[in-house]
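# Reading the structure
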Amino acid sequence: MTTFSGRSAIVIGAGAGVGRATALALSAEGARVWAVGRDAARLEALRNAATGGPVEPRAFDATDAGAMGRLIDEAEPSLVVLSAGMRPRVAPIVEHTWESFSEPWNTDLKMAFHLGQAALRRPLRPGSVVVIVSSGAGLGGSPLSGGYAGAKRMQMFLASYFQGASDAEKLGIRFVALAPKQLIAGTDIGSAAANGYAARLGITAEQYMERFGAPLTPKDVAKTILDIARGEVGVGSTVLGLSSKSGLEAL
(Lines give C-alpha, C1' and ligand atoms only; values in the text may rest on other atoms or scores of the structure.)
Protein backbone atom coordinates (compact mmCIF):
# COMPACT_ATOMS: atom_id res chain seq x y z
CA MET A 1 0.00 0.00 0.00
CA THR A 2 1.34 3.42 -0.97
CA THR A 3 1.78 5.75 1.99
CA PHE A 4 1.95 9.52 2.10
CA SER A 5 5.27 9.64 3.91
CA GLY A 6 7.25 12.70 2.88
CA ARG A 7 4.43 14.10 0.77
CA SER A 8 2.70 17.44 1.21
CA ALA A 9 -1.07 17.75 1.50
CA ILE A 10 -3.55 20.57 2.06
CA VAL A 11 -6.75 19.83 3.96
CA ILE A 12 -9.36 22.59 3.90
CA GLY A 13 -11.86 22.37 6.73
CA ALA A 14 -9.38 20.58 8.94
CA GLY A 15 -10.77 21.86 12.22
CA ALA A 16 -13.60 19.35 12.52
CA GLY A 17 -15.44 16.40 11.03
CA VAL A 18 -14.15 14.75 7.88
CA GLY A 19 -11.42 17.36 7.40
CA ARG A 20 -9.98 16.75 10.84
CA ALA A 21 -10.11 12.97 10.40
CA THR A 22 -8.40 13.28 7.01
CA ALA A 23 -5.65 15.52 8.35
CA LEU A 24 -4.94 13.12 11.20
CA ALA A 25 -4.91 10.11 8.86
CA LEU A 26 -2.46 11.84 6.52
CA SER A 27 -0.22 12.85 9.40
CA ALA A 28 -0.29 9.29 10.74
CA GLU A 29 1.13 8.14 7.40
CA GLY A 30 3.95 10.68 7.55
CA ALA A 31 2.56 13.46 5.36
CA ARG A 32 3.21 17.13 6.00
CA VAL A 33 -0.31 18.50 6.34
CA TRP A 34 -1.24 22.11 5.80
CA ALA A 35 -4.45 22.44 7.82
CA VAL A 36 -6.81 25.20 6.73
CA GLY A 37 -9.78 26.50 8.70
CA ARG A 38 -11.19 29.66 10.23
CA ASP A 39 -10.87 28.58 13.87
CA ALA A 40 -7.24 28.90 14.95
CA ALA A 41 -7.87 27.14 18.28
CA ARG A 42 -9.29 24.07 16.55
CA LEU A 43 -6.33 23.94 14.20
CA GLU A 44 -3.90 24.17 17.09
CA ALA A 45 -5.72 21.31 18.82
CA LEU A 46 -5.41 19.31 15.62
CA ARG A 47 -1.67 19.94 15.50
CA ASN A 48 -1.34 18.74 19.07
CA ALA A 49 -3.34 15.58 18.31
CA ALA A 50 -1.31 14.61 15.22
CA THR A 51 0.90 11.55 15.71
CA GLY A 52 3.11 11.49 12.62
CA GLY A 53 4.04 14.07 10.03
CA PRO A 54 3.89 17.76 10.94
CA VAL A 55 0.64 19.69 10.82
CA GLU A 56 0.96 23.33 9.72
CA PRO A 57 -2.11 25.35 10.81
CA ARG A 58 -3.30 28.07 8.47
CA ALA A 59 -6.27 30.04 9.80
CA PHE A 60 -8.05 31.90 7.00
CA ASP A 61 -11.29 31.90 5.05
CA ALA A 62 -10.93 29.43 2.18
CA THR A 63 -13.23 31.51 -0.02
CA ASP A 64 -10.27 33.92 -0.28
CA ALA A 65 -8.82 32.97 -3.67
CA GLY A 66 -5.61 34.91 -3.12
CA ALA A 67 -4.85 33.26 0.21
CA MET A 68 -5.55 29.83 -1.22
CA GLY A 69 -3.32 30.44 -4.21
CA ARG A 70 -0.48 31.58 -1.97
CA LEU A 71 -0.82 28.49 0.21
CA ILE A 72 -0.68 26.20 -2.82
CA ASP A 73 2.49 27.97 -3.94
CA GLU A 74 4.00 27.53 -0.47
CA ALA A 75 2.94 23.93 0.19
CA GLU A 76 3.38 22.47 -3.32
CA PRO A 77 0.92 19.70 -2.43
CA SER A 78 0.38 16.40 -4.20
CA LEU A 79 -3.05 16.12 -2.54
CA VAL A 80 -5.63 18.80 -1.77
CA VAL A 81 -8.82 17.89 0.09
CA LEU A 82 -11.72 20.32 0.33
CA SER A 83 -13.95 19.28 3.21
CA ALA A 84 -15.12 22.69 4.36
CA GLY A 85 -18.46 24.35 4.19
CA MET A 86 -21.05 26.31 6.06
CA ARG A 87 -23.79 24.67 8.10
CA PRO A 88 -26.95 25.55 6.18
CA ARG A 89 -29.98 26.92 7.94
CA VAL A 90 -32.40 24.03 8.48
CA ALA A 91 -35.86 25.42 7.76
CA PRO A 92 -38.77 25.00 5.29
CA ILE A 93 -38.32 26.85 2.03
CA VAL A 94 -40.91 29.51 2.92
CA GLU A 95 -38.84 30.49 5.97
CA HIS A 96 -35.60 31.06 4.05
CA THR A 97 -34.42 34.46 2.91
CA TRP A 98 -32.50 34.74 -0.32
CA GLU A 99 -29.39 35.30 1.77
CA SER A 100 -29.80 32.09 3.75
CA PHE A 101 -30.83 30.16 0.63
CA SER A 102 -27.83 31.25 -1.43
CA GLU A 103 -25.19 31.14 1.31
CA PRO A 104 -23.94 27.62 0.38
CA TRP A 105 -23.22 28.88 -3.13
CA ASN A 106 -21.15 31.75 -1.75
CA THR A 107 -19.16 29.49 0.58
CA ASP A 108 -19.03 25.78 -0.33
CA LEU A 109 -19.24 26.27 -4.08
CA LYS A 110 -17.04 29.36 -4.11
CA MET A 111 -14.27 27.47 -2.30
CA ALA A 112 -14.41 24.62 -4.84
CA PHE A 113 -14.41 27.06 -7.76
CA HIS A 114 -11.34 28.97 -6.59
CA LEU A 115 -9.49 25.83 -5.52
CA GLY A 116 -9.94 24.12 -8.87
CA GLN A 117 -8.84 27.21 -10.75
CA ALA A 118 -5.74 27.58 -8.57
CA ALA A 119 -4.82 23.92 -9.07
CA LEU A 120 -5.07 24.30 -12.85
CA ARG A 121 -3.43 27.70 -13.17
CA ARG A 122 -0.40 26.96 -11.03
CA PRO A 123 -0.59 24.06 -12.04
CA LEU A 124 -0.17 21.29 -9.49
CA ARG A 125 2.44 18.71 -10.45
CA PRO A 126 1.38 15.73 -12.62
CA GLY A 127 -0.11 12.95 -10.53
CA SER A 128 -1.62 15.34 -7.98
CA VAL A 129 -5.16 14.73 -6.74
CA VAL A 130 -7.86 17.19 -5.69
CA VAL A 131 -10.77 15.71 -3.72
CA ILE A 132 -13.89 17.82 -3.19
CA VAL A 133 -16.13 16.40 -0.47
CA SER A 134 -19.63 17.06 -1.76
CA SER A 135 -22.88 15.55 -0.43
CA GLY A 136 -25.60 13.09 -1.28
CA ALA A 137 -27.95 16.06 -0.92
CA GLY A 138 -26.75 16.98 -4.40
CA LEU A 139 -28.23 13.74 -5.71
CA GLY A 140 -31.63 13.60 -4.07
CA GLY A 141 -32.23 17.13 -2.84
CA SER A 142 -32.50 18.54 0.66
CA PRO A 143 -35.73 20.50 1.09
CA LEU A 144 -34.88 21.90 4.54
CA SER A 145 -31.47 23.35 3.66
CA GLY A 146 -32.18 26.01 1.06
CA GLY A 147 -29.66 26.06 -1.80
CA TYR A 148 -27.30 23.56 -0.17
CA ALA A 149 -28.25 20.63 -2.41
CA GLY A 150 -27.80 22.70 -5.55
CA ALA A 151 -24.38 23.91 -4.42
CA LYS A 152 -23.30 20.35 -3.71
CA ARG A 153 -24.55 19.18 -7.10
CA MET A 154 -22.62 21.98 -8.77
CA GLN A 155 -19.47 20.86 -6.94
CA MET A 156 -19.85 17.54 -8.77
CA PHE A 157 -20.19 19.34 -12.10
CA LEU A 158 -17.16 21.48 -11.26
CA ALA A 159 -15.02 18.39 -10.62
CA SER A 160 -15.93 17.16 -14.10
CA TYR A 161 -15.24 20.56 -15.65
CA PHE A 162 -11.85 20.79 -13.95
CA GLN A 163 -10.99 17.25 -15.00
CA GLY A 164 -11.83 18.12 -18.58
CA ALA A 165 -9.55 21.16 -18.43
CA SER A 166 -6.73 19.09 -16.92
CA ASP A 167 -7.09 16.44 -19.60
CA ALA A 168 -7.22 19.01 -22.40
CA GLU A 169 -3.95 20.57 -21.23
CA LYS A 170 -2.39 17.18 -20.37
CA LEU A 171 -1.67 18.38 -16.83
CA GLY A 172 -2.08 14.98 -15.21
CA ILE A 173 -4.12 16.33 -12.28
CA ARG A 174 -7.01 14.23 -11.05
CA PHE A 175 -10.19 15.84 -9.72
CA VAL A 176 -12.76 13.85 -7.75
CA ALA A 177 -16.03 14.86 -6.10
CA LEU A 178 -16.90 12.46 -3.28
CA ALA A 179 -20.55 12.45 -2.20
CA PRO A 180 -21.38 10.71 1.08
CA LYS A 181 -24.90 9.39 0.46
CA GLN A 182 -25.94 9.46 4.12
CA LEU A 183 -25.52 11.88 6.98
CA ILE A 184 -22.10 11.52 8.54
CA ALA A 185 -22.39 10.53 12.18
CA GLY A 186 -20.83 12.77 14.78
CA THR A 187 -20.55 15.93 12.67
CA ASP A 188 -22.19 19.28 13.35
CA ILE A 189 -23.91 19.40 9.98
CA GLY A 190 -25.06 15.79 10.24
CA SER A 191 -26.54 16.39 13.69
CA ALA A 192 -28.32 19.56 12.58
CA ALA A 193 -29.83 17.84 9.55
CA ALA A 194 -30.86 14.77 11.54
CA ASN A 195 -32.59 16.93 14.13
CA GLY A 196 -34.41 18.96 11.49
CA TYR A 197 -35.68 16.06 9.42
CA ALA A 198 -36.52 13.99 12.48
CA ALA A 199 -38.66 16.80 13.87
CA ARG A 200 -40.54 17.03 10.58
CA LEU A 201 -41.28 13.29 10.73
CA GLY A 202 -42.15 13.26 14.41
CA ILE A 203 -39.32 10.91 15.38
CA THR A 204 -36.06 11.26 17.27
CA ALA A 205 -32.75 12.11 15.60
CA GLU A 206 -31.46 8.68 16.62
CA GLN A 207 -34.39 7.01 14.86
CA TYR A 208 -33.76 9.09 11.77
CA MET A 209 -30.10 8.08 11.63
CA GLU A 210 -31.06 4.41 12.01
CA ARG A 211 -32.69 4.63 8.57
CA PHE A 212 -29.24 4.60 7.01
CA GLY A 213 -28.26 1.32 8.63
CA ALA A 214 -24.64 1.24 9.74
CA PRO A 215 -23.27 4.71 10.48
CA LEU A 216 -20.81 6.45 8.20
CA THR A 217 -18.16 8.19 10.30
CA PRO A 218 -15.59 10.89 9.54
CA LYS A 219 -12.86 8.25 9.81
CA ASP A 220 -14.66 6.11 7.19
CA VAL A 221 -14.77 9.03 4.77
CA ALA A 222 -11.15 9.97 5.50
CA LYS A 223 -10.00 6.42 4.75
CA THR A 224 -11.85 6.52 1.44
CA ILE A 225 -10.25 9.86 0.54
CA LEU A 226 -6.78 8.46 1.14
CA ASP A 227 -7.59 5.33 -0.88
CA ILE A 228 -8.80 7.52 -3.76
CA ALA A 229 -5.63 9.60 -3.61
CA ARG A 230 -3.55 6.44 -3.65
CA GLY A 231 -5.32 5.31 -6.81
CA GLU A 232 -6.63 2.18 -5.12
CA VAL A 233 -10.36 2.86 -5.59
CA GLY A 234 -12.58 4.86 -7.91
CA VAL A 235 -10.05 4.95 -10.74
CA GLY A 236 -11.43 6.55 -13.89
CA SER A 237 -14.40 8.21 -12.15
CA THR A 238 -14.77 11.87 -11.36
CA VAL A 239 -17.90 11.67 -9.20
CA LEU A 240 -18.12 8.97 -6.53
CA GLY A 241 -20.80 8.13 -3.99
CA LEU A 242 -20.13 6.58 -0.60
CA SER A 243 -22.43 4.85 1.86
CA SER A 244 -22.09 2.25 4.58
CA LYS A 245 -24.45 -0.05 2.68
CA SER A 246 -23.07 0.00 -0.84
CA GLY A 247 -19.54 1.29 -0.26
CA LEU A 248 -17.90 3.38 -2.96
CA GLU A 249 -19.56 3.63 -6.37
CA ALA A 250 -19.22 5.68 -9.52
CA LEU A 251 -22.05 8.13 -10.16
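For the structure itself, consult the block above.
Predicted model only: the values in this text are computed from it and were never measured.

Counting 30 residues, the largest nonpolar core has I10, I12, L82, L115 and V130 as its most contacted members. The element best represented in this core is helix α4 (residues 98-121), accounting for seven residues. The contacts of V130, once residues within four sequence positions are left out, are V80, L115, A119, L124, I173, R174, F175 and V176. Counting 29 residues, the second largest nonpolar core, distinct from the first, contains V55, V176, L226 and A229.

This model, assessed by the stated rule, comprises 12 salt bridges. Between R42 and D188 there is a salt bridge whose closest N-O contact spans 3.9 Å. Here R42, found in helix α2 (residues 40-49), pairs with D188, found in helix α7 (residues 188-201); they are 146 residues apart in sequence, far enough to count as distant. The class of D188 is partly exposed, set by a relative accessible area of 46%. Measuring nitrogen to oxygen at the nearest pair gives 3.6 Å for the salt bridge that ties E232 to R230. Members of the salt-bridge network, linked through shared partners, are E29, K223, D227, R230 and E232.

Mapped onto the elements, Q182 comes out in the loop between β6 (174-180) and α7. Note on Q182: relative accessible area 8%, which makes it buried. Remark: the alpha-carbon pair of Q182 and N106, spanning 76 residues in sequence, is separated by 24 Å. If sequence neighbours within four positions are ignored, Q182 has contacts with F212, A214, P215, L216, L242, S243, S244 and K245. A polar side-chain atom of Q182 sits 2.9 Å from the main-chain amide nitrogen of S244.

Rules behind the numbers
- Residues numbered from 1 in each chain as written.
- Predicted model: local features only at pLDDT ≥ 70, side-chain atom pairs only at ≥ 80, totals over all residues.
- Heavy atoms only, no water.
- Core = buried A, V, L, I, M, F, W, Y, C linked by side-chain atoms within 4.5 Å.
- Buried < 20%, exposed > 50% of the residue type's maximum accessible area, 1.4 Å probe, protein only.
- Helix = DSSP H or I, 4+ residues; strand = E, 2+ residues; numbered from the N terminus.
- Contact = heavy atoms within 4.5 Å.
- Salt bridge = Lys/Arg side-chain N within 4 Å of Asp/Glu carboxyl O.
- Polar contact = N/O pair within 3.5 Å; in protein donor to acceptor, adjacent residues only side chain to side chain.

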